[in-house]
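So you can see what is in the structure, the chains are spelled out below.
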Amino acid sequence: MRSIYLLTFLFLFLQWPSFSKVIENKAISLSREIYPFKTVCGDMGFKDSLIEQAVGNSKIDCTSRVVNILDFCKKKTSKRQNLIRGRVDALTKNNVVCEFAKSVVLKIDCSGDSFKCTNRKRLDCENLKKAFAYSLVLTHSAYDSKVLTCIYSDDGPLKL
């Protein structure tokens, strides 16, 4: 069971090559809902889809009609859940994964070319929010030794 979590964690890093300098991406109280491509296409209004396939890691093609996975996950989310991201399942490649969490701790290495950090740490964290913590609120941002730290939470500032 632990190896499944490790593989999922590794594939999560591989799905965002533009954020290849992720030092830490920790979701607290993480839960997932998995849906087959056919269900996603049907729920998004394309019931007669003959072929469903991934288009990158954030979209699927429902016979020439592209569906944004995050839009599907938002449609399926209840108000009690905190959607952090929607993506193609890296293991099966024919399912969609909607992920939910109470908070996310993100650390990015700013020394490389993958993500250009500015001197405005709060803005940098807000720019990363859509990819890592969609519906959460930025509660803490820090920049130390070329590492940007962002903490997102659903219930106000965390006591550090």
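Residues numbered from 1 in each chain as written. Predicted model: local features only at pLDDT ≥ 70, side-chain atom pairs only at ≥ 80, totals over all residues. Heavy atoms only, no water.

## Focus: the side chain of Asp 124
Heads up, the rule is: Numbering of helices and strands runs from the N terminus; a helix is a DSSP stretch of H or I covering at least four residues, while a strand is a stretch of E covering at least two. Between buried and exposed lies partly exposed: a residue is buried under 20% and exposed over 50% of the maximum accessible area for its type, with that area taken using a 1.4 Å probe on protein chains only. None of His or the chain ends enter the tally, which takes Lys and Arg as positive and Asp and Glu as negative. For this document, the term salt bridge refers to a Lys or Arg side-chain nitrogen within 4 Å of an Asp or Glu carboxyl oxygen. Polar contact is defined as a pair of N or O atoms within 3.5 Å, subject to the rule that within protein one atom must be able to donate a hydrogen and the other to accept it, and that residues adjacent in sequence are counted only when both atoms are side-chain atoms. Whether two residues touch is decided by their heavy atoms; if any such pair falls within 4.5 Å, the residues are in contact.
Examined against the element boundaries, Asp 124 turns out to sit in helix α4 (residues 121-132). The side chain of Asp 124 is buried and forms no salt bridge, while Arg 120, the nearest opposite charge, is found at 7.3 Å. For Asp 124, the side chain forms a polar contact with the main-chain nitrogen of Thr 118, separated by 2.8 Å. Setting aside anything within four residues of it in sequence, one finds Asp 124 in contact with Phe 115, Lys 116, Cys 117, Thr 118 and Leu 148.

## Structural notes on the pairing of strand β6 (residues 83-88)
Which entries qualify depends on this criterion: Here, strands pair whenever DSSP counts at least two bridges between them.
The buried fraction of β6 amounts to six of the six residues, a majority that puts the element mostly inside the structure. Note that β6 and strand β7 (residues 95-100) share five bridges and pair antiparallel. Bridging across to β7, Arg 87 finds its partner in Val 97.

## Topic: the nonpolar core
What counts is decided by this rule: Within this scheme, the nonpolar core is defined by two criteria: the residues are buried Ala, Val, Leu, Ile, Met, Phe, Trp, Tyr or Cys, and they are joined through side-chain atoms within 4.5 Å.
Core analysis: the biggest nonpolar cluster contains 18 residues, and Leu 106, Ile 108, Leu 128, Leu 148, Cys 150 and Tyr 152 have the highest contact counts within it. Elements represented by at least two residues in this core include exactly β8 (103-109), α4 and β10 (147-153). If we skip the residues at most four places from it in the chain, Leu 106 touches Val 22, Glu 24, Asn 25, Leu 128, Phe 132, Leu 148, Thr 149, Cys 150 and Tyr 152.

## Describing the environment of Cys 125
In this fold, Cys 125 is placed in helix α4. On the accessibility criterion, Cys 125 (0% relative accessible area) is buried. For the pair Cys 125 and Leu 138, spaced 13 residues apart in the sequence, the C-alpha separation amounts to 7.4 Å. In contact with Cys 125, not counting residues within four places along its chain, are Leu 138, Ser 141, Leu 148, Thr 149, Cys 150 and Tyr 152.

## As for the pattern of salt bridges
Enumeration over the complete set of coordinates arrives at nine salt bridges. Across the pair Lys 107 and Glu 24 runs a salt bridge, and its minimum N-O distance is 3.8 Å. In this pair, Lys 107 is assigned in strand β8 and Glu 24 in strand β1 (residues 22-28), connecting sequence segments 83 residues apart. Lys 76 is paired through a salt bridge with Asp 43; the nearest N and O atoms lie 2.8 Å apart. Here the residue Lys 76 occupies a position in helix α3 (residues 69-76), and Asp 43 occupies one in helix α2 (residues 37-43), the gap between them amounting to 33 residues.

By themselves, these figures tell us nothing about what the structure is for.
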